[in-house]
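In case you want the letters, here they are:
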Amino acid sequence: MRLLVLGGSWFVGRVVVDDAVGRGHEVMVFNRGRSLARFPDGVRRIFGDRESPQDLRRLASHGPWDVVVDVAGSVPAVVRRSVEALADVAGRWVFVSTISAYRDWPHAPVDETSPLWDGDPDVDPGIRRWDPDAYGPLKVGCELACRQAFGDERLLVLRPHVVLGRHEYVGRLPWWLSRMSRGGQVLAPGPDRAIQPVDVRDLAAFLLNQVERASNGVFNVAPRSEAASYGDMLNACAQATADQRRTPLELVWADEGWLVDQGVRQWTELPLWRHAAAPWGMNVDRAHAAGLKCRPLADTVADTSKWLRTGGRPVDHERFSEHGIAPDKEAALIRRWLDRTPPPASASSRTHG
Ligand SMILES: NC(=O)c1ccc[n+]([C@@H]2O[C@H](COP(=O)([O-])OP(=O)(O)OC[C@H]3O[C@@H](n4cnc5c(N)ncnc54)[C@H](OP(=O)(O)O)[C@@H]3O)[C@@H](O)[C@H]2O)c1
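Cut-offs applied
Residues numbered from 1 in each chain as written. Predicted model: local features only at pLDDT ≥ 70, side-chain atom pairs only at ≥ 80, totals over all residues. Heavy atoms only, no water. Salt bridge = Lys/Arg side-chain N within 4 Å of Asp/Glu carboxyl O. Helix = DSSP H or I, 4+ residues; strand = E, 2+ residues; numbered from the N terminus. Buried < 20%, exposed > 50% of the residue type's maximum accessible area, 1.4 Å probe, protein only. Pairing = 2+ DSSP bridges. Right-handed = clockwise from strand over helix to strand, strands pointing away. Domains from an automatic or database assignment. Buried area = accessible area lost by both parts, 1.4 Å probe. Axes fitted to C-alpha atoms, helices over the stretch in contact; angles between N-to-C directions.

Caption draft 1: Focus on the pattern of salt bridges. Under the criterion given, the structure shown has 25 salt bridges. When the shortest N-O distance is used, the salt bridge between Asp70 and Arg50 registers 2.8 Å. A residue pair is termed long-range when its members are at least 10 positions apart, and Asp70 in strand β4 (residues 65–70) and Arg50 in the loop between β3 (44–47) and α2 (53–60) qualify at 20 residues. For Asp70, a relative accessible area of 0% puts it in the buried group. Note on Arg50: relative accessible area 18%, which makes it buried. Asp303 serves as the salt-bridge partner of Arg201, at 3.0 Å between the closest nitrogen and oxygen. In this pair, Arg201 is assigned in helix α6 (residues 200–212) and Asp303 in helix α10 (residues 297–309), connecting sequence segments 102 residues apart.

Right, dumping it as structure tokens:
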């Protein structure tokens, strides 16, 4: 197939491109060339800014494509200009959206029919900085812009839960791995809380499998919620970094409600931890029925750790630095937690070498 990937050089897009080339597809990527991504042989790069109508016209002249994959569109008016510029040269369109599109997330479980935020396909907020409150409604607007141009028949929308793996620039798993490699007492929440991050390779494989099948519609993409717990993830991080540590590691599991009372910033200070009713309540029956395969979370952790230790480096991104808790704050919280809890409760801490 002849594929055009809009973006393709940071994280999800990059892995989609690698996988698509491995499958023998003819792949072009369109981006500004700001990251120093190296693509596999055979990938054709077209440089340009998707915010520029002129660049979009030039891009269209390189078509037609069987499928265009818009990995990272996040401004509805910009996505709208892209779909309009490429509608005549794209057989089908794939848009990567997000769980944040659901109005009730993380407070109630969501499936593909759950209510979305109100979205406007024409809106442009003007700013391009990351804004967690605007993110969901903007992605809904992008979905609408794609649907208006391609209809339901020619459009595939994926709504992944959190994505982890090599090239992750948001900084969630990289922070946990780095923290565990330092050793000492590590503040850890909710060991039994089920979590559903999806490996970027599994997301890419699912996307391309659906593309090859000419599938349409909307799919949530994540492992099943019973597949892994928060404790599994942290223990896998501890294991993956064992030989980097000079100081033994002790995971200190603190009560989630207590952490909230202490003002620990959810989702970012202790990455991927959120004390809500259903942060990991994504129904993924539809994708699994369509063939989604998710590897064990421990494999994602181990492979990402290996990638980082062998020189892998994600692109610089403004969101990276918002993840993680300051060492002195963590130490003070652990002292406070242990002072009020009679140790040793067998479940309250675990020691790793
Ligand atoms: N991370 C998660 O946990 C998570 C969870 C759910 C959903 N998602 C979704 O997954 C997607 C992740 O995307 P990604 O960032 O990994 O995609 P990507 O395609 O790997 O990277 C973004 C691309 O956009 C290009 N780009 C940025 N601005 C551009 C412009 N004005 N004109 C042309 N190209 C431009 C960048 O290259 P240049 O800078 O060189 O132009 C880069 O190639 C997003 O849609 C996100 O909403 C992520």
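Here the narrative resumes.
Caption draft 2: The pairing of strand β1 (residues 2–6), seen in detail. Of all the five residues making up β1, four are buried; the element is thus mostly covered by neighbouring parts of the structure. As paired strands, β1 and strand β2 (residues 26–31) are joined by five bridges and run parallel to one another. Across the sheet, Val5 pairs through a bridge with Val29, a residue of β2. Since β1 and β2 lie parallel, the crossover through helix α1 (residues 12–22) that links them has a hand, and here it is right-handed. Note that β1 and β4 share four bridges and pair parallel. When the sheet's bridge partners are listed, Leu6 is paired in β4 with Asp70.

Caption draft 3: Quick peek at the domain arrangement of the chain. As far as domains go, the chain holds domain 1 (2–160) and domain 2 (172–196 + 225–279 + 297–352). Domain 1 and domain 2 are separated by 32 Å when their C-alpha centres are compared. Regarding the contact of domain 1 and domain 2, the summed buried area is about 920 Å², with carbon and sulfur atoms giving 60% of it. The largest share of the area that domain 1 buries against domain 2 comes from Trp105, Pro106 and Trp130, three residues that together contribute 59% of it. There are one salt bridge connecting domain 1 and domain 2. A salt bridge links Glu318 to Arg129; the shortest N-O distance between them is 3.3 Å.

Caption draft 4: A look at the sheet that holds β4. Taken in spatial order, the seven strands line up as β3-β2-β1-β4-β5-β6-β11 in an open sheet, and their pairing is parallel. At either end of the open sheet lies a strand with only one pairing partner, and these are β3 and β11 (217–221). Each neighbouring strand pair of the sheet contributes to a mean axis angle of 20°, computed without reference to strand direction. Taken together, the four bridges between strand β5 (residues 90–96) and strand β6 (residues 155–160) define a ladder with parallel strand orientation.

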